Amino acid sequence: MPSPHALAAERIRHWVLSAFPRGQSGIDYDHPAGDPGLFGPDSVTWRVHSDFPGMLAGGLCALMLQTLHPLALAGVWDHSNFRTDLVGRLRRTTNFVAGTTYASRPEAQKLIDRVAGIHEQVRGTLPDGRLYRADDPALLTWVHVTESFGFLEGFRRYSPMTLPIGAAEAYYGEVRRVAEALGARDVPGTEAEVAAFFARMQGELRLDERSREVLRVLARIRLPVPMAGLSRDLFLGAGAALLPDWAVDMLAPTRFERARAAVASRTLRTMSPIFRAALNDGVGPRACRRVGADPSILDRWP
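Attention here is on the structure that accompanies the text. Computed from a predicted structure; not experimentally measured. (Residues numbered from 1 in each chain as written. Predicted model: local features only at pLDDT ≥ 70, side-chain atom pairs only at ≥ 80, totals over all residues. Heavy atoms only, no water.)

**Examining the overall build of the protein**
A count of helices and strands for the protein gives 14 helices and 2 strands. For a compact globule of 302 residues, the expected C-alpha radius of gyration is about 19 Å, and the protein comes in at 19 Å, within 12% of that figure. Per-residue burial for the protein yields a buried fraction of 51% across its 302 residues. Counting only contacts in the protein whose residues sit at least 6 apart along the sequence, the fraction spanning at least 24 positions is 78%. Summed over all atoms, the accessible surface of the protein reaches about 14300 Å², with 56% contributed by carbon and sulfur. (Helix = DSSP H or I, 4+ residues; strand = E, 2+ residues; numbered from the N terminus. Rg over C-alpha atoms; globule rule 2.2 N^0.38 Å. Buried < 20%, exposed > 50% of the residue type's maximum accessible area, 1.4 Å probe, protein only. Contact = heavy atoms within 4.5 Å. Areas by Shrake-Rupley, 256 points an atom, 1.4 Å probe, with all protein chains shown as cover.)

Here is the structure:
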């Protein structure tokens, strides 16, 4: 009879693959042999991005931060069907991050070119008359920094691996390659630069009615998984627990919401080794095999 740990891992695997099905992105992670992609098997990025709980919670943290920038939010508001297909948006973002992390250089470049082409078409005017465009280098930098911050903090909080000294600096230095390829400029490459960037940006951020509406949609999202509401609340709470203090002050969660985030954070931290056991055959291991590396390298630092 399977052990309780094995049964839990199987349930989690079913949960994850129901929400984020494999084999539908069209991305080739297996060829050409030997191609290390944009980062390679010795990178911090390959390890940080292999941790599913940290990546999902970190991505939700990034979404919460992005709602606070009126110009960045306008593109989502005016040019997407986020109200009816937020799950699809999450899947597309997941595919982009996974592909640019683990696929070959040509596959990663195809993804970057495709997204850059979409950005060229996303532009408009805010109600206050300000113009926006998704390929604005400053907005690309904002989106990138919120995502990389969320992913790194998610790994720190929820991965069973401890982040060694210097790994955070290496991570920020590595992942800015994708942002710069999309057209971002002056992209922070260290933790100190990220903190300084957030401090500079706070004067441009605000919680307005559009922000609140997107957050309400996010709070109602139903992934196609068992216990959808409980699963949503777990990851949303775990993502909220990653927010920097200044963002918490802006979002002003209630006492109950703060307590729920703390409980979700502790729960996901406890569950993270089971997630790792359940998802040991994803795109990261496939990329390892493409370059002739043992997938177990993702569970230790080079």
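We are not done yet, so read on.
**Some thoughts on unusual backbone geometry**
Following histidine 31, the chain continues into proline 32 via a peptide bond in cis, with omega recorded as -10°. Along the chain, proline 32 falls in the loop between helix 1 (4-19) and helix 2 (44-48). Not every positive phi belongs to a glycine, and aspartate 186 is a case in point at roughly 55°. Mapped onto the fold, aspartate 186 is located in the loop between helix 8 (167-182) and helix 9 (191-201). Assessed through its relative accessible area of 74%, aspartate 186 is described here as exposed. The phi dihedral of alanine 252 is positive, around 50°, even though this residue is not glycine. Locating alanine 252 in the fold gives a position in the loop between helix 12 (245-251) and helix 13 (255-278).

**Some details on the environment of valine 44**
Here valine 44 lies in helix 2. Through-space distance from the C-alpha of valine 44 to that of alanine 240 is 24 Å; in sequence the pair is 196 residues apart. Beyond its immediate sequence surroundings of up to four residues, valine 44 is in contact with Ala167, Ala170, Tyr171, Glu174 and Trp301.

**So, the nonpolar core**
One finds Phe52, Phe198 and Phe235 to be the most contacted residues of the largest nonpolar core, which totals 73 residues. Residue contributions to this core peak at 9 residues, all from helix 3 (residues 52-66). Setting aside anything within four residues of it in sequence, one finds phenylalanine 52 in contact with Trp15, Val16, Phe20, Phe235, Phe275 and Leu279. Core analysis: the second largest hydrophobic core is formed by 20 residues, Ala103, Ala108, Leu182 and Ala293 among them. (Core = buried A, V, L, I, M, F, W, Y, C linked by side-chain atoms within 4.5 Å.)

**Some details on the environment of methionine 250**
Following the sequence through the fold, methionine 250 ends up in helix 12. Measuring from C-alpha to C-alpha, the distance between methionine 250 and leucine 68 comes to 8.5 Å, with 182 residues separating the pair along the chain. In contact with methionine 250, other than residues within four places in its own chain, are Leu68, Leu205, Arg206 and Leu207.

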